[in-house]
Amino acid sequence: MHMVSKKDRNKDEIWALRKILSRPNYAVLNLLLQKSPRATKELYSVLEKEFTRKTLIIALRELSLELNAIQPTHIRTSNGYGLGYRINPKLKEIIKLVQKSAKVIEGIHSP
């Protein structure tokens, strides 16, 4: 008998897309879509009004380690180099397509 873990049971064809489009993950990706790379501190300072630090740490971990949607990079700062993230180039067009699709869906939804 094959045992299916609870994690695997919750996965369907679009699980990764659904995970990327969670509110905190999408907020990070949207910022990086506007300007990439960004320092970790910059991401925190912009998004701390909407999300807790813990939520942002989890989002960065999911996006970088689990989904490879963002990639860590070194960023030049006034004190040398700091840690930052850049959006995975393969994901840029997908995020733009999702944004375009959302507008189409909103157009269908609203009278």
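A brief look at the structure comes next.

## Some points on the pattern of salt bridges
Item 1. Per the counting criterion, the structure on display carries 7 salt bridges.
Item 2. A salt bridge links Asp12 to Arg18, with the shortest nitrogen-to-oxygen separation between them at 3.1 Å.
Item 3. For Asp12, a relative accessible area of 32% gives the class partly exposed.
Item 4. For Lys19, the salt bridge is made with Glu66, and the minimal N-O distance between the two is 3.2 Å. With Lys19 in helix α2 (residues 15-20) and Glu66 in helix α5 (residues 53-66), this pair connects stretches of sequence that are 47 residues apart.
Item 5. Judged by relative accessible area, Lys19 falls into the partly exposed class, the value being 27%.
Item 6. Looking at Glu66, the relative accessible area reads 45%, which means it is partly exposed.
Item 7. Here the salt bridges do not stand alone but share partners, grouping Lys19, Glu62 and Glu66 into one network.

## Regarding the side chain of Gln71
Item 1. Within the fold, Gln71 resides in strand β2 (residues 70-77).
Item 2. Among the polar contacts listed, one links the side chain of Gln71 to the side chain of Arg86, at a separation of 2.7 Å.

## Let's talk about helix α3 (residues 23-34)
Item 1. The first and last C-alpha atoms of α3 sit 17 Å apart over 12 residues, in line with the 16 Å expected at 1.5 Å per residue.
Item 2. Every buried residue of α3 is listed here: Pro24, Asn25, Ala27, Val28, Leu29, Leu31, Leu32 and Leu33.

## With respect to the pairing of β2
Item 1. With 8 bridges joining them, β2 and strand β3 (residues 80-87) adopt antiparallel strand pairing. What sits directly across from Gln71, in β3, is Arg86.
Item 2. Here β2 hands over to β3 after 2 residues, the two strands then running antiparallel side by side.

## Brief notes about the packing of aromatic side chains
Item 1. Considering all chains together, one arrives at 0 aromatic pairs under this definition.
Item 2. For Arg53, the ring lying beneath its charged end belongs to Tyr44, and the centroid distance is 4.2 Å.
Item 3. The ring of Tyr81 is capped by Arg76, whose NZ or CZ atom sits 5.2 Å from the centre of that ring.

What counts and what doesn't
Residues numbered from 1 in each chain as written. Predicted model: local features only at pLDDT ≥ 70, side-chain atom pairs only at ≥ 80, totals over all residues. Heavy atoms only, no water. Salt bridge = Lys/Arg side-chain N within 4 Å of Asp/Glu carboxyl O. Buried < 20%, exposed > 50% of the residue type's maximum accessible area, 1.4 Å probe, protein only. Helix = DSSP H or I, 4+ residues; strand = E, 2+ residues; numbered from the N terminus. Polar contact = N/O pair within 3.5 Å; in protein donor to acceptor, adjacent residues only side chain to side chain. Expected span 1.5 Å × (residues − 1). Pairing = 2+ DSSP bridges. Phe/Tyr/Trp six-rings, centres within 6.5 Å; stacked < 30°, edge-to-face > 60°. Lys NZ or Arg CZ within 6 Å of the ring centre and 35° of its normal.

Read these as layout, nothing more, since geometry by itself doesn't imply function.
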